[in-house]
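Take a look at the letters that make up each chain.
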Amino acid sequence: MSLPATETIAFRMNMNPGQGEEYRRRHDDLWPALSEALIAAGVIDYRIFLDPQSDHLFAVMTRRVDHTLADLPGTDVMQRWWAMMADIMQAGPDNVPVQVDLDPVFHLRAPGL
């Protein structure tokens, strides 16, 4: 059995100043329904890093190339999560976090992986 084809993307989000611990706390308590929805939509690995000096969040996501992430904004669980997070991060009027895609410029992979 072969593994599905994957791709890795990265993007930046902006947290409101001083909200690092609250952001971490909320993600430590990530709702099981949201985790399940992300995995069902094709997420294989999702990491978010905080730059505490700028309050920027840097996300790296590996997903199946046949992912269905574009469908998540229409789900109740995603809408509720974004509404809950809107008070601690920069978001649009629909509570969708402001996201800036990052361009890949370097990749090192160990031989044989």
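Quick caveat: nothing in here was measured; it's all calculated off a predicted structure.

Student: A description of the packing of aromatic side chains should follow, citing residues and the corresponding values.
Tutor: A full pass over the atoms with the stated rule returns two aromatic pairs. Look at phenylalanine 11 and tyrosine 46: their rings are 6.3 Å apart centre to centre, the planes differ by 50 degrees, and that puts the pair in the tilted class. Taken together, the positions of phenylalanine 11 in strand S1 (residues 6-14) and tyrosine 46 in strand S2 (residues 43-51) put the pair 35 residues apart, joining distant regions of the chain. Note on phenylalanine 11: relative accessible area 3%, which makes it buried. Residue classification places tyrosine 46 among the partly exposed residues on the basis of a relative accessible area of 33%. Here tryptophan 31 and tryptophan 81 contribute two aromatic rings whose centre-to-centre distance is 5.1 Å and whose plane-to-plane angle is 90 degrees, an arrangement assigned as edge-to-face. Note that tryptophan 31 is positioned in the loop between helix H1 (20-28) and helix H2 (32-40) and tryptophan 81 in helix H3 (residues 76-85), a separation of 50 residues in sequence.

Student: Account for the packing of H1 against H3, naming residues and giving values.
Tutor: Running from N to C, H1 and H3 cross one another at 155 degrees; their axes reach a closest spacing of 12 Å. Taken together, the axes of H1 and H3 are roughly antiparallel relative to one another. The hand of the H1/H3 crossing is right-handed. Within the contact between the two elements, H1 uses Tyr23, Arg26 and His27 and H3 uses Trp81, Met84 and Met85. Of the residues assigned to the contact of H1 with H3, the class counts are four nonpolar, one polar and one charged.

Student: Hey, could you go over the nonpolar core for me, with residue numbers and the actual values?
Tutor: Nonpolar side chains in soluble globular proteins generally cluster together in the buried interior. Counting residues in hydrophobic clusters, the biggest one holds 21 residues, and the most contacted among them are Met13, Tyr23, Leu69, Leu72 and Met89. Where this core is concerned, the elements lending two or more residues are S1, H2, strand S3 (56-64) and H3. With five residues, H3 is the single largest residue contributor to this core. Leaving out residues up to four positions away in the same chain, leucine 72 has contacts with Ala37, Leu38, Ala41 and Met78.

Student: Account for the pattern of salt bridges, with residues named and values stated.
Tutor: A complete count under the given rule lists eight salt bridges for this structure. A salt bridge links arginine 80 to aspartate 76, with the nearest nitrogen and oxygen atoms 2.9 Å apart. Taken together, the residues arginine 80 and aspartate 76, both in helix H3 and four residues apart, mark about one turn of the helix.

Student: Outline the side chain of threonine 62, supporting the account with residue identities and numerical values.
Tutor: Following the sequence through the fold, threonine 62 ends up in strand S3. Looking at threonine 62, its side chain comes within polar contact range of the side chain of threonine 8, at 3.0 Å.

Thresholds, definitions, all that
Residues numbered from 1 in each chain as written. Predicted model: local features only at pLDDT ≥ 70, side-chain atom pairs only at ≥ 80, totals over all residues. Heavy atoms only, no water. Phe/Tyr/Trp six-rings, centres within 6.5 Å; stacked < 30°, edge-to-face > 60°. Helix = DSSP H or I, 4+ residues; strand = E, 2+ residues; numbered from the N terminus. Buried < 20%, exposed > 50% of the residue type's maximum accessible area, 1.4 Å probe, protein only. Axes fitted to C-alpha atoms, helices over the stretch in contact; angles between N-to-C directions. Parallel < 35°, antiparallel > 145°, perpendicular 65-115°, else oblique. Left-handed = near helix turned anticlockwise from the far one by under 90°. Contact = heavy atoms within 4.5 Å. Nonpolar A, V, L, I, M, F, W, Y, C, P; charged D, E, K, R; others polar. Core = buried A, V, L, I, M, F, W, Y, C linked by side-chain atoms within 4.5 Å. Salt bridge = Lys/Arg side-chain N within 4 Å of Asp/Glu carboxyl O. Polar contact = N/O pair within 3.5 Å; in protein donor to acceptor, adjacent residues only side chain to side chain.

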